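Notes for the structure review
Chain residues, written in single-letter form:
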Amino acid sequence: MKRARNLKVRTKLIGGFLIVAAIAAIIGVIGMRSMQQINQLTQTLYEEEFIGLRHASEADRQLVAAGRALRSTLLTSTADDYRSEYFSINNHFMSARLALEDLAKTAISEQGQKRVRDAQDALQAYMEVARDVVNEDPSVSLGRMDTIERVFTEMRPMGEEAESLIKRILYDQQDNAKAATQAIQAIFQQTLIFMVALTAIGVLIAIALGLLITRGLTRQLGGEPNEVARIAGSIAKGNPNN
């Protein structure tokens, strides 16, 4: 403490400014590092989760639409209506398959890639059975009891399996997006606490340094600077009594 009192005024001022500057630099580094982490998580959230979520939702929607088209095809009463409904089935299946292919591009983890492959295999099996049960020729499928039986024994279980796998991927994407969002919020809260704490510490240190430096200068000068200057001026004029 005594050694600190004996330091020159210039040294004290420079030291105080350096301490405050170091705290400001630490706050800046923490802020930039946190912003970088948030940026990376946000990019990952968009590229892997939000885009994947969109593709998974589209695959699920098209699969449900294909199932409805299959039922509508079998419930038609005329050959013309049958053909009209039949051709929409393939469109929905193709759209679902394309959505799963796009989803596979966003899957990063091995588990995620495996689940997409399982969904693709289930969709392909469902498509093959559906095309076998619901024939393009209305006379082969329309109004036949064996066709209705195959719908419930073969086609429906495969459709439910494919839909279950796609929904599982959909739920995983939602969970991953939620986890990434929570991670971003946690980084923000942690950074905010650190920056507020360091700012408060910096303010306290600046106040303390200001008081110490002012006190030290007053002691070294023997009083307030303006008073010391007045006395020195009086002495210089040959008036030592003031």
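Right, let's walk through the structure included here.

Thresholds applied
- Sequence order sets the numbering: in each chain, residues are counted from 1 along the sequence as written.
- Note on the predicted model: pLDDT of at least 70 is required for a residue's local features to be given, and 80 or more for side-chain atom pairs to be given and counted; whole-chain, interface and lining totals, by contrast, use all residues.
- For the side-chain quantities, the full set of heavy atoms in the structure was used; hydrogens and water were omitted.
- To qualify as a helix, a DSSP run of H or I must reach at least 4 residues; to qualify as a strand, a run of E must reach at least 2; elements of each kind are numbered from the N terminus.
- When a residue's accessible area, from a 1.4 Å probe over protein chains only, is under 20% of the maximum for its type it is buried; when over 50% it is exposed; and in between it is partly exposed.
- Per-residue accessibility takes into account occlusion by the displayed protein chains alone, with areas from the Shrake-Rupley method and a 1.4 Å probe.
- Definition used for salt bridges: Asp or Glu carboxyl oxygen within 4 Å of a side-chain nitrogen of Lys or Arg.
- In plain words, nonpolar cores are sets of buried Ala, Val, Leu, Ile, Met, Phe, Trp, Tyr and Cys residues tied together by side-chain atoms within 4.5 Å.
- Should any heavy atoms of two residues lie within 4.5 Å, those residues are considered in contact.
- Stacked, tilted and edge-to-face pairs are distinguished by plane angle, under 30 degrees for stacked and over 60 for edge-to-face with tilted covering the rest, among Phe, Tyr and Trp rings (Trp via its six-membered ring) whose centres lie within 6.5 Å.
- Helix span is expected to be 1.5 Å times the residue number reduced by one.
- Orientation is described by lines fitted to C-alpha atoms, with helices fitted over the stretch in contact, and by angles between N-to-C directions that extend from 0 to 180 degrees.
- Roughly parallel refers to an angle under 35 degrees, roughly antiparallel to one over 145, roughly perpendicular to one between 65 and 115, and oblique to any angle outside these ranges.
- Two helices crossing with the near one rotated counterclockwise from the far one by less than a right angle form a left-handed crossing, whereas a clockwise rotation gives a right-handed crossing.
- Just so you know the grouping, Ala, Val, Leu, Ile, Met, Phe, Trp, Tyr, Cys and Pro go in nonpolar, Asp, Glu, Lys and Arg go in charged, and all remaining residues, Gly too, go in polar.

Description of the overall build of the chain
Counting its regular elements, the chain contains seven helices and zero strands. Beginning at the N terminus, the succession of helices and strands in the chain can be written as α-α-α-α-α-α-α. Expressed as a percentage of its 242 residues, the buried residues of the chain come to 29%. A total accessible area of about 15700 Å² is found for the chain, and carbon and sulfur atoms account for 59% of it.

Regarding the pattern of salt bridges
Any two side chains of opposite charge can pair, given that their charged atoms come close. All told, the structure shown has seven salt bridges when counted by the stated rule. A salt bridge links arginine 117 to glutamate 110, with the shortest nitrogen-to-oxygen separation between them at 3.5 Å. The exposure class of arginine 117 is partly exposed, given its relative accessible area of 38%. Here lysine 114 makes a salt bridge to aspartate 118, at a shortest N to O gap of 3.1 Å. Placement of the pair is lysine 114 and aspartate 118 together in helix α4 (residues 110-133), with a separation of four residues, close to one helical turn.

Observations concerning the nonpolar core
Soluble, globular proteins show a tendency: their nonpolar side chains are buried together. One finds Leu70, Phe93, Val134 and Met155 to be the most contacted residues of the largest nonpolar core, which totals 33 residues. Elements represented by at least two residues in this core include exactly α2 (9-75), α3 (79-106), α4 and α6 (145-221). What phenylalanine 93 contacts, discounting residues up to four positions off in sequence, is Leu63, Ala66, Leu70, Leu123, Tyr126, Met127 and Ala130. If you look at the next biggest cluster of nonpolar residues, it comprises six residues, including Ile38, Leu45, Ala177 and Ala180.

Some remarks on the packing of aromatic side chains
Using the criterion set out here, one finds one aromatic pair in the structure. With a centroid separation of 5.3 Å and an interplanar angle of 90 degrees, the aromatic rings of phenylalanine 93 and tyrosine 126 are classed as edge-to-face. Here phenylalanine 93, found in helix α3, pairs with tyrosine 126, found in helix α4; they are 33 residues apart in sequence, far enough to count as distant. Note on accessibility: phenylalanine 93 and tyrosine 126 belong to one class, buried.

Re α3
The end-to-end C-alpha separation of α3 is 42 Å, in line with the 40 Å expected for 28 residues at 1.5 Å each. Along α3, the residues classified as buried are Tyr82, Tyr86, Ser88, Ile89, Phe93, Ala96, Ala99, Leu100, Leu103 and Thr106.

Considering the packing of α3 against α4
At a minimum axis separation of 10 Å, α3 and α4 run at an interaxial angle of 165 degrees. One element, α3, and the other, α4, form an angle in the roughly antiparallel class. The chirality of how α3 crosses α4 is left-handed. In this structure, α3 uses Asn90, Phe93, Met94, Ala96, Arg97, Leu100, Glu101, Leu103 and Ala104 to contact α4, whose residues at the interface are Val116, Ala119, Gln120, Leu123, Gln124, Tyr126, Met127, Ala130 and Arg131. Class assignment for the residues of the contact of α3 with α4 results in twelve nonpolar, three polar and three charged.

Any functional reading would require information beyond the geometric quantities listed.
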